[in-house]
Amino acid sequence: MLNERDKIKHLYSRAGFGLSVNDWQTKSDWKKSLDVLFKSPSNYHSLQTISLAEVEATKAKMRTMRKEDVKDLKKFLKQNVSELNNLWLQEMIDGEAQLQEKMALFWHGHFACRSLNPYFDQQYLDIIRKNSLGNFSVLLNEISKTPAMLQFLNNQQNKKDHPNENFARELMELFTIGRGNYTEQDVKEAARAFTGYGFDKTGEFKFRIQQHDFGTKIFLGKSGSFTGDDILQIILKKNECAYFITKKIYRFFVNDNPDETIVKQLAKHFYESNYDIKGLLKEIFSSDWFYDEMNIAAKIKSPIELLVGLSRIIPIDFENEQSPLFIQRSLGQVLLNPPNVAGWPGGRNWIDSSSLLFRMRLPQVIYYDEELDFSPKEDMPEQGMMRLKMTDEFIKRFVQKKLAAKPDWMKALQYFSSSANIMDDIVKMLLAKPCAASARKCIQNNRDTSSKESEIKSVMIEVMSLPDYQLC
């Protein structure tokens, strides 16, 4: 049975991005810590880097210029996506609403999409952040009408007599009920219902009546002249939808190997609550089974969880704003640029021989300012002018160079300076479970005992470089 402090550590590693030094120092009551996580943020704000007018003006210029002269304008648009990426990353690190941002990260992988328009990225991100702890029905309806998703899954081209099935198929397969719970005919009928769903030049949803098929559709056993909104309501009335979403949330927050009995019970309550996301998460994080030994250190941190967690423990100021993007790219998870509509597979897929080595070396690269000798993955997606794939020129600026990070050690040094056993206390804070004797010996042999400050820094970096630190 975990003590209060260990329960808080596990809770924040899953419901947030890990404890900061200040959190570890001040949080000792699990129930109060749980309540803080679910407290509504007092200062929610949208993250914005560009206006629609700026995007349209830039694209208008590009249409009148020679192909070789549009490079700087493409760079300008792409830079706005990078800035939005950094803004969201910083919100995860410093924001008070840890659970909101963690749940938004989940929805980003669930409703995965990329956009050719940075303004549409802003809209999409705002939808998943502001609705992350709200009602799934509301979130689903808003996502189905956002230009980013309609564009990504080609529903802008979905017209009567020429239906496009992309959005309808992914809606059922990936977003709501999963394979085996619908037929190919259901896909065709749903596609007809979503004909005419598009957006106008202002980035607002537009139901184009003249392009909509008003004929009768037969969908999941129901018959009527359905619109896309009707299709969503029919899906939401299926118990399979609550089960599909609940199981995916369980795998994200609890364990990659779901306990079917627990998932079914959670799904039942989720359905009965009319898809209250916050209620589902409260039930998960309040349950004794969430803190069972089998669920501790059972998940591999995603690249974003790893980077944000490091930054919460020792705040990092990167001199080059592209450095966080390089780390994301190198580890295989770039915010606002999922590999495909299925999102990131997660779990053991986060780790391969090269990425594990880079993960374990990352603390030295950041906190010791060591040189990089790593080449990023080559299989990241790219899409038109908004691709976030690193160019050869970009990579050359980093490989064999440094991330130029400025860590702020003040709080860590203040807290651990009074510790009677620095290594034990740091291990206790940073690792989900006690490490093996061989790992402890490695830490002890590599720590710098020339001064208390050097010892604290070296031990923290050694611990964060262990394979154990990749687990939460």
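Every value quoted in this text rests on a predicted model; they were computed, and no experiment measured them.

Caption draft 1: Up close: the overall build of the chain. The secondary structure content of the chain amounts to 23 helices and six strands. Based on the C-alpha atoms only, the size of the chain along its principal axes is roughly 80 × 60 × 40 Å. Counting over 472 residues, the chain shows a buried share of 56%. Entry remark: accessible area of the chain is about 20600 Å², with carbon and sulfur atoms responsible for 48%. Averaging the coordinates of the 65 positive side-chain charges in the chain and doing the same for the 62 negative ones gives two points 2 Å apart.

Caption draft 2: Highlighting unusual backbone geometry. Phi at N154 takes a positive value of approximately 65°, unusual for a residue other than glycine. Summarising the element assignment, N154 is placed in the loop between helix 9 (147-152) and helix 10 (166-176). If you check the backbone angles, Y275 has positive phi at about 70° while not being a glycine.

Caption draft 3: The arrangement of the pattern of salt bridges in detail. Applying the stated rule across the entire model yields 22 salt bridges. Of the charged contacts, one joins E142 and K130 as a salt bridge, the two residues approaching to 3.8 Å between their closest N and O atoms. Of this pair, E142 sits in helix 8 (residues 136-143) while K130 is found in helix 7 (residues 118-130), placing the two residues 12 residues apart along the sequence. In this structure, E455 engages R447 in a salt bridge whose closest nitrogen and oxygen atoms are separated by 3.0 Å. Take R447: its relative accessible area is 24%, and that puts it in the partly exposed class.

Caption draft 4: Main features of the packing of aromatic side chains. The full count for this structure, using the stated rule, is 23 aromatic pairs. Aromatic pair F38 and F285: ring centres 6.3 Å apart, planes at 50°, arrangement tilted. Pair noted here: F38 is in helix 3 (residues 30-38) and F285 is in helix 15 (residues 277-286), with a separation of 247 residues, a long-range link. If you follow K145 out to its NZ or CZ, it ends over the ring of F205, 5.1 Å from the centre.

Caption draft 5: Highlighting the packing of helix 3 against helix 15. One can describe the packing of helix 3 onto helix 15 by two numbers: an axis separation of 11 Å at closest approach and a directional angle of 160°. One way to sum up the angle between helix 3 and helix 15 is to call them roughly antiparallel. Considering how the two elements wind past one another, helix 3 and helix 15 form a crossing that is right-handed. Across the interface between the two elements, W30, L34 and F38 of helix 3 pack against K278, L281, K282, F285 and S286 of helix 15. Of the residues assigned to the contact of helix 3 with helix 15, the class counts are five nonpolar, one polar and two charged.

About the criteria used
Residues numbered from 1 in each chain as written. Predicted model: local features only at pLDDT ≥ 70, side-chain atom pairs only at ≥ 80, totals over all residues. Heavy atoms only, no water. Helix = DSSP H or I, 4+ residues; strand = E, 2+ residues; numbered from the N terminus. Buried < 20%, exposed > 50% of the residue type's maximum accessible area, 1.4 Å probe, protein only. Areas by Shrake-Rupley, 256 points an atom, 1.4 Å probe, with all protein chains shown as cover. Lys, Arg positive; Asp, Glu negative; His and termini not counted. Charge placed at Lys NZ, Arg CZ, Asp CG, Glu CD. Salt bridge = Lys/Arg side-chain N within 4 Å of Asp/Glu carboxyl O. Phe/Tyr/Trp six-rings, centres within 6.5 Å; stacked < 30°, edge-to-face > 60°. Lys NZ or Arg CZ within 6 Å of the ring centre and 35° of its normal. Axes fitted to C-alpha atoms, helices over the stretch in contact; angles between N-to-C directions. Parallel < 35°, antiparallel > 145°, perpendicular 65-115°, else oblique. Left-handed = near helix turned anticlockwise from the far one by under 90°. Contact = heavy atoms within 4.5 Å. Nonpolar A, V, L, I, M, F, W, Y, C, P; charged D, E, K, R; others polar.

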